[in-house]
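Structural overview for review
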Amino acid sequence: MQRSQRMKSVSHMTTEDSPLLSGEHSGIQPKMSRRRNTTEGSANDSQLESTNSRENVSIMGSVTEPGSLQKISSKYESLDYDTAENTLYFKEQKSYTPEERLRININRWVIMFIIGFVTAVIAFAIDISILLLANQKYTLIKKYIDRCTSGDCMSTPFSLWVALDVLFVLIAAVLVVYGEPVAAGSGIPQIKCYLNGVLVPHVVRMKTLVCKVVGVVFSVAGGLACGKEGPMIHAGAVVAAGVSQGRSTTFNKDFKMFEYFRQDHEKRDFVSGGAAAGVSAAFGAPIGGVLFSLEEGASFWNQSLTWRMFFASMVSTFTLNVLLSIYRGDAMDLSNPGLINFGTFEGQTYSSYEIPLFCVMAIVGGLLGALFNAINHHLCIFRMRFVKKNWVRVIEVLIVAVMSTTTAFVLIYFYQDCKPIGAANISRPLQFFCEDGQYSAMGTLVFSTPEESIKNLFHLPETSYHVATLAGFAPAYFLLATWTYGLFVPSGLFVPCILTGAAWGRLWGVALKSWFPAGHWGDAGSYALIGAAATLGGVVRMTISLTVILMEATGNISFGIPIMIVLMIAKWVGDFFNEGLYDIHIKLQGVPLLGWDAPVMAVGMNVSDIMSRKLVCFKSVEKDKTSHHNGFPVVDYLGSADDEDPPASNTPATFGTVRGLILRSQLIILLKQKVSACLACRVFIVYTYSPRVVSQGEGHKLKLKDFRDAYPRFPPIRNVSISQKERECYIDLRPFMNPSPYTVNENSSLLRVFKLFRALGLRHIVAVNEYNEVVGMVTRKDIARYRMWSHRGQIGLEEVHILEA
Ligand code: ATP
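Right, let's walk through the structure included here. (Residues numbered from 1 in each chain as written. Predicted model: local features only at pLDDT ≥ 70, side-chain atom pairs only at ≥ 80, totals over all residues. Heavy atoms only, no water.)

With that settled, the discussion passes to the site of the ligand. Close to the ligand lie 18 residues; Ser78, Ser612, Asn630, His764 and Asp782 are nearest. The contact in question runs from an oxygen atom of the ligand to an N or O atom on the backbone of Asn630, over 2.7 Å. For the ligand, an oxygen atom lies 2.7 Å from a polar atom in the side chain of His764. Considering the ligand on its own, with 590 Å² of exposed area, one finds that the protein chains cover 98% of that surface. Contributions of two or more residues to the shell around the ligand are made by β4 (77-78), β10 (631-636), β15 (774-779) and α28 (780-784). (Near = heavy atom within 4 Å. Polar contact = N/O pair within 3.5 Å; in protein donor to acceptor, adjacent residues only side chain to side chain. Areas by Shrake-Rupley, 256 points an atom, 1.4 Å probe, with all protein chains shown as cover. Helix = DSSP H or I, 4+ residues; strand = E, 2+ residues; numbered from the N terminus.)

This is how it looks when you write it as structure tokens:
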């Protein structure tokens, strides 16, 4: 009663169609988003009450504007993490002998081994390629720079430097823009979505892997402010998705292996392992890898999966270690566990009284992270609005490449911070305008790969950098990094954040010593490490996994406590202003991601407020209607097949008693295979596609294998030919449908349904009334439309649009 009153009172004030306001929902239609505001910092009872009142509903700006965060795109389909326990499934399960079950389990471990191994080989290939290309590039440019230390011929090395970088970056951009756009960026947001249960188109395809791997080599070697570590996570996930299927759909090659794993939930587990193996190879952090998958993605978790993921991570880091050690000439060395090497922090310590100083750095890191995210967010909106054509995208990348190189050159040119080469362990000392026997300190930061620069900032002796050098480099690199992330090239976010943070962290350490020379301060490199952690935490807002990743990468457990504290504080400070960068990018794309927690302020909202009521029924008078939906309740139909659509009203129309749920992909296979029908079947499809299907053959002989063979690229329905005669036939869906789909009572709370979706990784939930009759449908998009927001201490609930792709 209360609810209907509320809905009534709100619906009369706006003409917009919204399930929240009118109780109706007619499929995918853009709706204005609303925010339910609270004016205080926390959600107490009275505020929760007030979310349901009319005064607190405010209408947001137009969502059709590209770059809006208040939207969900219908182009993202969900993955089916629920097992359809149908007749075929039970038949197959019963047919397995204990030996076969054991074989399946062993295969799981074998696949994880292959994933770890292949991921490490890819990491090795990326590392060596970048090393070779960057070495060639810098050696050539250095030759020209060394030839003209007088300064009047610097235009030659500068032009050469720009030309080489533009060429490298052009290759990366063309691969991504014209090859596979989903290979842009780090890929972490996309993998996060995949593990959450959303399929980002083409995200785990072979072509994506090739574009990503080759692209990242050229974007890093091309001097962009980006790293190769993030893309490794994406690469690991693609390897996992490919290896676990035992075939390549791209090359149309089926190795007839691992057929059992050709289903979404099995594949998801391997993708979690692949992402963990990617982190492990990137940072030499096997535990960090497992925790990364846990913290950032995995919608499903259990002990044996954790073990398998850990196994993949271990294999990955060990294989990479061996390969790199062999490459560096000492196979027994085994001191190269990851792509990025922070070096050993032996002897670099801190004192307990410095922890408050680290906390201040954490606050700075949080603020910088929030600034980074805000700038990048606005840049992305700009790109979405104005950088749409492919050639414009390539041009933007080239502009950034020229700017990055020019900045590097200008910094070396103007900052004449010369240091004696002496015992300094620098791989490519650049003399530039310095005296003989000296090198340019700025050169160690900008005339090398970002990984080398990080190591220099962490480990070069105290006096290696002048304050002005660090003060010039840190903001310049920060701005370049904000501009670079989101370009149409593969680019990781970790390294630019670490490098920027290491620069200002070291600056802080050096400044402390010069301001308070009497104090006993830790090493400048320690401050660089804390600055790196603070900036990284402020941008990506990960805590547990990042702590472990950084600890494993530094190899010094004593830095554990300050890193933990710093990451926590940086996250809190950053969260006060905006979300983590990955989440911002996910929202910009309109992905229906479900967060960890239900939107608590949606308390009071029920399934009937959010469900689709106008389920299009199967009608004999309708033929060839099309539907984009992917799941259809199967019911015992109560009314006449010729009935019109049930009227949409606040009194829910019923569609018959629920008997099961059938997926679009299953129907397509049934139609394709011309499954014979029994006309006596009383099962009716609530289904908008092709009514009264299908043939009159002998009796179906379909097996689960037929469905798996078609997985994951089910043919589009337009490719399935159905004759006129077949259109008059019926099909018995009972052996194929999921006979026990998750159903909820229409009066269940949204919070409860959210938990079901999140915990079980569901795609559809059928809403039923007290007689178990279907009254509606709820999908992930219906749930994801209700989001909590928080900004500067205020929190609220907003309802966002579902937009047609
Ligand atoms: P997926 O998440 O894989 O795309 P889907 O295509 O079945 O699944 P959505 O795209 O999430 O469904 O649904 C978009 C809207 O359509 C939602 O509001 C949902 O409630 C509604 N909807 C889903 N299935 C049906 C159906 N069989 N009949 C009518 N409406 C449906």
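The next point concerns helix α11 (residues 286-297). Between its first and last C-alpha atoms α11 spans 16 Å; for twelve residues at 1.5 Å apiece the expected length is 16 Å, and the two agree. Of all twelve residues that make up α11, nine are buried, and the element is covered over most of its length. Pro286, Gly288, Gly289, Val290, Phe292, Ser293, Glu295, Glu296 and Gly297 are the residues of α11 that are buried. (Expected span 1.5 Å × (residues − 1). Buried < 20%, exposed > 50% of the residue type's maximum accessible area, 1.4 Å probe, protein only.)

To continue, consider the nonpolar core. Counting 165 residues, the largest nonpolar core has Met232, Phe342, Phe458, Phe473, Leu493 and Phe494 as the members making the most contacts within it. With 15 residues, the top contributor of residues to this core is helix α5 (residues 98-147). Those residues within four positions of Leu493 in sequence are excluded, and the remaining contacts are Phe372, Tyr485, Val539, Val540, Leu581 and Tyr582. Core analysis: the second largest hydrophobic core is formed by 26 residues, Ala602, Val744, Leu751 and Val775 among them. (Core = buried A, V, L, I, M, F, W, Y, C linked by side-chain atoms within 4.5 Å. Contact = heavy atoms within 4.5 Å.)

When two helices pack together, their arrangement is given by the angle between their axes and by how far apart the axes lie. Relative orientation of the contacting elements α5 and helix α9 (residues 229-243) amounts to 140°, with a least axis distance of 9 Å. By the angle between their directions, the pair α5 and α9 is classed as oblique. Pair α5 / α9 crosses with right-handed handedness. Contacts between α5 and α9 pair Ile111, Ile114, Ile115, Val118, Thr119, Ile122, Ala123 and Ile126 from the former with Met232, Ala235, Gly236, Val239, Ala240 and Val243 from the latter. Looking at the contact of α5 with α9, its residues break down into twelve nonpolar, two polar and no charged. (Axes fitted to C-alpha atoms, helices over the stretch in contact; angles between N-to-C directions. Parallel < 35°, antiparallel > 145°, perpendicular 65-115°, else oblique. Left-handed = near helix turned anticlockwise from the far one by under 90°. Nonpolar A, V, L, I, M, F, W, Y, C, P; charged D, E, K, R; others polar.)

With that settled, the discussion passes to the layout of surface pockets. Within this model, the second largest pocket holds a volume of roughly 1,700 Å³. Contributing to the lining of the second largest pocket are 49 residues, with Glu579, Gly580, Asp583, Lys587 and Met788 lying nearest its centre. Sort the elements by how many residues they give to the lining of the second largest pocket and strand β16 (residues 786-791) lands first, with six residues. Broken down by class, the residue content of the lining of the second largest pocket amounts to 23 nonpolar, eleven polar and 15 charged. (1 Å grid on protein atoms, 1.4 Å probe; cavity = no way out; pocket = protein on both sides within 12 Å on 5 of 7 lines; lining within 4 Å. Points joined across faces, edges and corners; volume = space filled by probe spheres on them.)

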